[in-house]
Amino acid sequence: RLELQPPPCGAVALAKVSTDGTASAYLMRAWILAAGCERHFLHFDAAIRYCSMVLSMDPGNLEALFYRAAARVEVGSDDVQSLDDLCFVVASDPQHEEAHYLLQRLSEERMGD
């Protein structure tokens, strides 16, 4: 089983040093793609880590917020953070159908508790 590991924290610091933002953009895109792959292979903890790394550089990244919330829902952890992430995504992009679905699912699960 091949499991990708996020690069060390130094990679985030190096990306932030970039003067034109190109390195940061490429690095964040790579982490988003890695998070999507990790979700696909049901490696939710790794997906959460990749998304959190993106969000440390770009707190409003809708794709990272959605992927992180979706992974947390699958793991069954941190409902409050998942709700916050999904609400932000839906408020920023009202047409995001997957975020609406997950928000509804999470709300229904919480009502059932």
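Rules used in this analysis
- Residues numbered from 1 in each chain as written.
- Predicted model: local features only at pLDDT ≥ 70, side-chain atom pairs only at ≥ 80, totals over all residues.
- Heavy atoms only, no water.
- Helix = DSSP H or I, 4+ residues; strand = E, 2+ residues; numbered from the N terminus.
- Buried < 20%, exposed > 50% of the residue type's maximum accessible area, 1.4 Å probe, protein only.
- Axes fitted to C-alpha atoms, helices over the stretch in contact; angles between N-to-C directions.
- Parallel < 35°, antiparallel > 145°, perpendicular 65-115°, else oblique.
- Left-handed = near helix turned anticlockwise from the far one by under 90°.
- Contact = heavy atoms within 4.5 Å.
- Nonpolar A, V, L, I, M, F, W, Y, C, P; charged D, E, K, R; others polar.
- Phe/Tyr/Trp six-rings, centres within 6.5 Å; stacked < 30°, edge-to-face > 60°.
- Polar contact = N/O pair within 3.5 Å; in protein donor to acceptor, adjacent residues only side chain to side chain.

Asks: What is the right way to look at unusual backbone geometry in this model?
Replies: Leave glycine aside and you will find that most residues have negative phi; peptide bonds, for their part, are mostly trans. Backbone geometry at Leu 42 places phi at a positive 65°, although glycine is not the residue there. With respect to the secondary-structure elements, Leu 42 resides in the loop between α2 (22–40) and α3 (44–57). Classification of Leu 42 by relative accessible area gives exposed; the value is 60%.

Asks: Looking at this model, I keep getting lost on the packing of α3 against helix α4 (residues 62–75). Mind explaining?
Replies: The axes of two packed helices give the description: the angle between them and the distance between them. Taken N-terminus to C-terminus, the directions of α3 and α4 make an angle of 150°; their axes are 9 Å apart at the nearest point. Taken together, the axis directions place α3 and α4 in an arrangement best described as roughly antiparallel. The interaxial crossing formed by α3 with α4 has left-handed handedness. Residues Phe 44, Asp 45, Ala 47, Ile 48, Cys 51, Ser 52, Val 54 and Leu 55 of α3 form the contact with α4, whose own contacting residues are Ala 64, Leu 65, Tyr 67, Arg 68, Ala 71, Arg 72, Glu 74 and Val 75. Residues that form the contact of α3 with α4 fall into these classes: eleven nonpolar, one polar and four charged.

Asks: Just checking my understanding: could you explain the packing of aromatic side chains for this structure?
Replies: For any pair of aromatic rings, the description consists of the separation of the ring centres together with the inter-plane angle of the planes. Tallying each qualifying case throughout the model produces one aromatic pair. Relative to Tyr 67, the ring of Phe 66 has its centre 6.2 Å away and its plane inclined at 50°; by these criteria the two rings are tilted. Across the pair, Tyr 67 and Phe 66 agree in class, each one buried.

Asks: Would you take a moment to explain the side chain of Asn 61 for this structure?
Replies: Within the secondary structure, Asn 61 sits in the loop between α3 and α4. Here the side chain of Asn 61 touches Ala 64 through a polar contact of 2.9 Å, landing on its backbone nitrogen. Excluding residues that lie within four positions of it along the chain, Asn 61 makes contacts with Ile 32, Val 54 and Leu 55.

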